[in-house]
Amino acid sequence: MRRLIFLGGAGFLLLFALSFVKPASAASSTMYTWTPSKLYKTASGAAYSRNVNSGTAVTVYSKSGKRYKVKAGGKTGYIYADNLTRSKVKKEDYFGSKIYKQAAGGPYVASVPAGKMMYIKMEATKNGMYLAHVIGTGYSGYVDKTHFIKPVVKYTWMPSKLYTSATGNSYNKTIKDGQKVSVFNGSHGRYQVKAGNSSGYIYANNLTGLLAKKTVYASSKLYTSASHTKYTAVIRPNQQVYVKESTQNMSHICVVGTTQSGWIYTSHFTKPAPAAGGTTSTTTGTSQTGSSTAGGKTTGTATGSTSGSTGSAAATSGTTTTGNTGSGSASGTAATGNTGSGSASGTTTTGSTGSATASATTTKGLDVSHYQTLTQESFNLMKSQGYNFVILKATEGSGYTDSKFYTYYKYARNAGLSVHAYHMIGNSTTTSAQHIAEAKYFYQVLAQTKAKTGYAFTGYAFEDIEPTGTNSITTTWWANAAPACAGYFLNEMQTLGQAKVGIYAGYFNWKSYLEGHTDSWPGNTKIWLARYNITLGTNADVWQYTETGTIDGITGHFDLDISYDPDF
C-alpha cells in the first residue's frame, strides 16, 4: 500500500511539472501588421473583438487555415496570415504612386502624392512591386518599389520629351533645357523622372548630373561626334550653351534655347585676352612702334626706323612683311606677327613672332577633304582671292583613301596652288608596326598621284595626330606614346623616299605632349598647329587659325591657314 502511494505521488509530481511545459503548438514569434487587421475571435468565424492598426507588433502562436493565432495588446485572437509580415518596414514614397490591386498593374484603388509613408510587406515583392499600406488611410495594394528609393537630381542639358512609358513614342510635353528633374529608375535607355508636377520618361542621354552653362567665344563648328569629322551647323561667338561632358579636348553641348546639339572644341570657352590694336600715327623724324591684331589697321607716315627681333632698316614708303625674325620696311601693306613692330601705311594681318625682312612672307592657305563639295572653279576662286596653298586629306589608317583626294589634287594644281597632303592617324597602338604600316599606305597613295592626275606629288606629307571615333586615342596614349609613334611614322615616310614630312596637332596637345619630345623625328619635320584664337602663341610653320572660314563665291565653311614657311 505504501508503494502504491509513492507511485501515485510520483505521478502527481510528474503531472504537476508537465503543466509548466509550453505545448509545441504554442511556440511564439513576433510579427507585424503591415495593414489594418481585424482580431477575429475564432480561426474561421466572422466575429472579431477589435481592430489592430498597421505597424503593430503581435505575438504569433500557431496557424490555423488562413489565420494566425496571435496576442495583440493583451488580447488573443486570430489575424489573417496575409496581413502579417516578419519585418516592420516603413518607407517614404518619394515619387507619388498609384495603388494597384494586382502586381501586374491594371485597375488601381487610389493615387497618392509624393511624401506619403507606407508599411511594406517585404515578402510579397512581385513584378518589381511591393505590397504596401498607406499609413493613415484605407489604401492597400501594390506599389512600384523604385518609388521608395530617394531620387537622384539631374538636369536636362537639351530640350527633352517626357514620354508616357519607357518604350513608347507618345509623350505628354517637352521639358526645356536647363531644368532640374528627379530621377527614380531607368530601363530601355530612359529614366523615370519627375519634372515639377509632371512625371514620365526621359532619354538618359538627355540628362546630366552637373549643369554647366558657358559662353562660346570663337566661331565653332557643331560636330556630330567628339572625333570632329562631320559637322551640322556653326555656332557664332558669344552664344551661350549647356555643357554635358568633355573629352579629348571636345565638349558635348546644346545651344541654350534651341535644339542644336553636338560637339565643339573645349578651347572655344576660353575668353581671349584683350589684344593691342588700333590706329597708330607717326610724325616725321620720330621712331614709332605699333602692332595690331588681324583685321586692325596701322596707318601713318614715318621717317625713322622700324624694329623687330633683329636688325633694323630705315622706313620709306613701301611694304613691311612680318615673319619669324628680322626687320624691314617697304610700302603698302604691313603684316604684323604676335610680337615685333613696324610703321607703314596700309593694313596689318596676323603672323607668327617678331618681324621679318622684306624677303620673308606669310601666305594664305586652307585644308579640305571630301566633306567639301568643290569644283575646278572653286580652286580657281581660291587662287584669285590670294590663297597660295592647299592641304588635302589623302588617307586614314592603313586602308582608307579620301574619295576626293586625286580629283582635288588635279583641280588645285590646275589652279596654280601649292598642294600638300595629310594622313589621319588610324590606330593608337604603342608598337611600331601599325604606324609603319600606315606610313607605307600613305606613301603608296601619294606615289600614284602622277598616274591618277598627271601631276607628281611634290608637297609636304603631314601626319594628322588627333582623336577620332575609331583610333581610340586617350590621354594616357598622348602622355606615354605619342612622340614615339609619330617618330615611327615620319621616319618610315623618309625611308620610303618622301623627304618632306610634317605633323599636325592641336595647340593643347602640342604644348602638353609633343613639344620638347621630338628627338626621334626627322630634323626637317614641319609643324602645323590648330588653335582657333587671335594669336597662335607659339612657333610653328603653319597655323590653322579657324575652322569656320568662308571664301567668296564658294558655299560652306573652311579650315583656313597661315604659313610662315616659304615652301608653302
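Everything that follows concerns the structure shown earlier in this document.
Residues numbered from 1 in each chain as written. Predicted model: local features only at pLDDT ≥ 70, side-chain atom pairs only at ≥ 80, totals over all residues. Heavy atoms only, no water.

1. What to know about the overall build of the protein
So, point 1. The helix and strand inventory of the protein stands at eight helices and 39 strands.
So, point 2. By the burial criterion, 44% of the 568 residues in the protein qualify as buried.
So, point 3. Taking the contacts inside the protein whose residues are at least 6 apart along the sequence as the reference set, 56% of them involve residues at least 24 apart.
So, point 4. Entry remark: accessible area of the protein is about 27,000 Å², with carbon and sulfur atoms responsible for 50%. (Helix = DSSP H or I, 4+ residues; strand = E, 2+ residues; numbered from the N terminus. Buried < 20%, exposed > 50% of the residue type's maximum accessible area, 1.4 Å probe, protein only. Contact = heavy atoms within 4.5 Å. Areas by Shrake-Rupley, 256 points an atom, 1.4 Å probe, with all protein chains shown as cover.)

2. Re the pairing of strand E14 (residues 152–156)
So, point 1. Here four bridges tie E14 to strand E17 (residues 180–187), and the two strands are oriented antiparallel to one another. Paired with Tyr155 across the strands is Lys180, a residue of E17.
So, point 2. Examined bridge by bridge, E14 and strand E20 (residues 207–208) share two bridges and lie antiparallel to one another. Of the residues in E20, the one forming a bridge with Tyr155 is Thr208. (Pairing = 2+ DSSP bridges.)

3. Quick word on unusual backbone geometry
So, point 1. Despite not being glycine, Asn127 shows a phi value in the positive range, around 55°.
So, point 2. Mapped onto the fold, Asn127 is located in the loop between strand E11 (116–126) and strand E12 (129–134).

4. Focus: the nonpolar core
Inside soluble globular proteins, nonpolar side chains tend to come together where they are buried.
So, point 1. Counting residues in hydrophobic clusters, the biggest one holds 55 residues, and the most contacted among them are Leu366, Phe379, Met382, Val390, Phe405, Leu446 and Trp477.
So, point 2. In contact with Phe405, not counting residues within four places along its chain, are Leu392, Lys393, Ala394, Ala421, Val445, Leu446 and Thr449.
So, point 3. In this structure, Ala226, Trp263, Phe389 and Ile391 belong to the second largest nonpolar core, which totals 16 residues. (Core = buried A, V, L, I, M, F, W, Y, C linked by side-chain atoms within 4.5 Å.)

5. Remarks on the environment of Thr550
So, point 1. Within the element layout of this structure, Thr550 appears in strand E38 (residues 542–551).
So, point 2. Linking Thr550 and Leu560, residues ten residues apart in sequence, is a C-alpha distance of 8.5 Å.
So, point 3. Excluding residues that lie within four positions of it along the chain, Thr550 makes contacts with Tyr387, Gly556, His557 and Leu560.

6. What about the pairing of strand E13 (residues 140–144)?
So, point 1. Here five bridges tie E12 to E13, and the two strands are oriented antiparallel to one another. What sits directly across from Leu131, in E13, is Tyr142.
So, point 2. Count of turn residues in the E12/E13 antiparallel hairpin: five residues, of which Gly136 carries a positive phi of about 85°.

7. Section: the side chain of Lys393
So, point 1. Topologically, Lys393 is positioned in strand E32 (residues 387–396).
So, point 2. Here Lys393 falls in the buried class, since its relative accessible area comes to 7%.
So, point 3. A distance of 2.7 Å separates polar atoms of two side chains, one belonging to Lys393 and the other to Glu396.
So, point 4. Here Lys393 is in contact with Val368, Ser369, Tyr400, Asp402, Phe405, Tyr422 and Met424, once residues within four sequence places are set aside. (Polar contact = N/O pair within 3.5 Å; in protein donor to acceptor, adjacent residues only side chain to side chain.)

8. A word on the environment of Lys116
So, point 1. By secondary structure assignment, the location of Lys116 is in strand E11.
So, point 2. Note: C-alpha distance between Lys116 and Lys91 (25 residues apart in sequence) is 8.5 Å.
So, point 3. If we ignore the near neighbours within four places in the chain, the residues touching Lys116 are Lys91, Glu92, Asp93 and Val134.

9. Thoughts on helix H2 (residues 376–384)
So, point 1. Inspection of H2 places Ser378, Phe379 and Met382 among the buried residues, and these make up the whole buried set. The arc that holds every buried residue of H2, seen down its axis, measures 95°, which confines them to one face.
So, point 2. Where H2 is buried, its residues touch strand E31 (363–368), E32, helix H3 (405–415), E38 and strand E39 (554–563).
So, point 3. One or two residues past the end of H2 sits Gly386, with phi positive at roughly 95°. (Arc of directions from axis to C-beta.)

10. A closer look at the environment of Val143
So, point 1. Summarising the element assignment, Val143 is placed in strand E13.
So, point 2. Excluding its chain neighbours within four sequence positions, the residues that come into contact with Val143 are Ser97, Lys98, Ile99, Met118, Gly128, Met129, Tyr130, Ala132 and Phe148.

11. Points about helix H7 (residues 482–496)
So, point 1. Under the 1.5 Å per step criterion, the end-to-end length of H7 is 22 Å for 15 residues, consistent within 8% with the ideal 21 Å.
So, point 2. Taken together, the buried positions of H7 are Ala482, Pro483, Cys485, Ala486, Gly487, Phe489, Leu490, Glu492 and Met493.
So, point 3. For H7, the elements touching its buried residues are strand E34 (418–424), helix H4 (432–447), strand E35 (461–464), helix H6 (475–480), strand E36 (501–506) and helix H8 (507–514).
So, point 4. After H7 finishes, the residue Gly497 shows a positive phi value of roughly 125°. (Expected span 1.5 Å × (residues − 1).)

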